[in-house]
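Single-letter residue listing:
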Amino acid sequence: MTGVTTTTTAGGSFRRGLLVGLLGQVAVAALASLGLFLAARLGGEGGATAGALIFLPVLVVLSLAGLVIDVILVLIPSVRARIGSAGGLFAGWLAGAAGIAAALALLFRLA
């Protein structure tokens, strides 16, 4: 009887961590955008104004909370083995944050 073992390469682990970090940032942006949409839709003009005023601070806080969650996940060895490398996770978080910042800058420039 032969046993088949699978190993992941360092590149595969980095890519998996990068994807997890990027997906975390996409989720943060989606949650903040959904909150802004609901505030504008359900709150009338006052809700839209309040939603617009707190959108960026909420986006930053949620993003930093995502980073803290990523750091905690990296500190747990059994979870780190499944999500990929710590460097990939941080690089994904950073790339996602840069993408969100670029999208917001483009949106503000066009508006």
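For the structure itself, look to the data block above.
Worth saying up front: this structure is predicted, and the values here are computed from it rather than measured. Here the residue numbers are simple positions, counted from 1 along each chain's written sequence. The predicted origin of the model limits local features to residues at a pLDDT of at least 70 and limits the giving and counting of side-chain atom pairs to 80 or more, whereas totals for whole chains, interfaces and linings rest on all residues. No hydrogens and no water enter the side-chain calculation; it runs on all heavy atoms of the structure.

A. A look at the nonpolar core. Joining through side-chain atoms within 4.5 Å is the link that ties buried Ala, Val, Leu, Ile, Met, Phe, Trp, Tyr and Cys residues into a set, and such a set is a nonpolar core. Classification of residues uses two cut-offs on accessible area relative to the type maximum, computed with a 1.4 Å probe and protein chains only: under 20% is buried, over 50% is exposed, and between them is partly exposed. Ranked by size, the top nonpolar core spans seven residues in total: Val28, Ala29, Ala32, Phe55, Leu59, Ile100 and Leu104. Numbered from the N terminus, helices here are DSSP runs of H or I no shorter than four residues, and strands are runs of E no shorter than two. Mapped onto this core, the elements with two or more residues apiece are helix 1 (10-42), helix 2 (44-75) and helix 4 (86-110). When residues of this core are assigned to their parent elements, the largest contribution, three residues, is made by helix 1. The contacts of Ile100, once residues within four sequence positions are left out, are Gln25, Ala29 and Leu59. Any two residues having at least one pair of non-hydrogen atoms within 4.5 Å are treated as being in contact.

B. Molecular detail of the side chain of Ser63. In this fold, Ser63 is placed in helix 2. Among the residues examined, Ser63 registers a relative accessible area of 11% and is labelled buried. Each residue touching Ser63, except ones within four places of it in the same chain, is listed here: Gln25, Val28 and Trp93.

C. The layout of surface pockets, seen in detail. Only protein atoms enter the 1 Å grid used here. Points where a 1.4 Å probe fits but cannot escape make up a cavity, open sets with protein on both sides within 12 Å along at least five of seven lines make up a pocket, and a residue lines them when an atom lies within 4 Å of a point. Grid points are joined across faces, edges and corners, and a volume is the space filled by probe spheres set on the points. Space inside the largest pocket adds up to approximately 220 Å³. Lining of the largest pocket is provided by Ala29, Ser33, Leu36, Ala52, Phe55, Leu56, Leu59, Ile100, Ala103, Leu104, Leu107 and Phe108. Elements with a minimum of two residues in the lining of the largest pocket: helix 1, helix 2 and helix 4. With five residues, helix 4 is the largest single contributor of residues to the lining of the largest pocket. Residue classes in the lining of the largest pocket are distributed as eleven nonpolar, one polar and no charged. Charged residues are taken to be Asp, Glu, Lys and Arg, nonpolar residues to be Ala, Val, Leu, Ile, Met, Phe, Trp, Tyr, Cys and Pro, and polar residues to be all remaining types, Gly included.

D. Just helix 4, in detail. Taking 1.5 Å of rise per residue, 25 residues should cover 36 Å, and helix 4 covers 36 Å from first to last C-alpha, within 8% of that figure. Listed in full, the buried residues belonging to helix 4 are Gly88, Leu89, Gly92, Trp93, Gly96, Ile100 and Leu104. One less than the number of residues in a helix, times 1.5 Å, gives the span that helix is expected to have.

E. Local environment of helix 2. Over its 32 residues, helix 2 runs 44 Å from end to end, which matches the ideal 46 Å to within 8%, given 1.5 Å per residue. What is called the bend at a residue is the angle between a pair of axes, fitted to the seven residues leading up to and ending at it and to the seven starting from it. Of all the bends found along helix 2, the most pronounced is centred on Phe55 and spans about 45 degrees, while Pro57, a proline, follows it within four residues. All of the buried residues along helix 2 are Gly47, Gly51, Phe55, Leu59, Ser63, Gly66, Asp70 and Val74.

F. Just the environment of Gln25, in detail. With respect to the helices and strands, the residue Gln25 is situated in helix 1. Gln25 gets classed as buried once you look at its relative accessible area, which sits at 2%. Along the backbone, Gln25 and Ser63 are 38 residues apart, and their C-alpha atoms lie at a distance of 6.8 Å. Apart from residues no more than four positions distant in its own chain, Gln25 is found in contact with Ser63, Gly92, Trp93, Gly96, Ala97 and Ile100.

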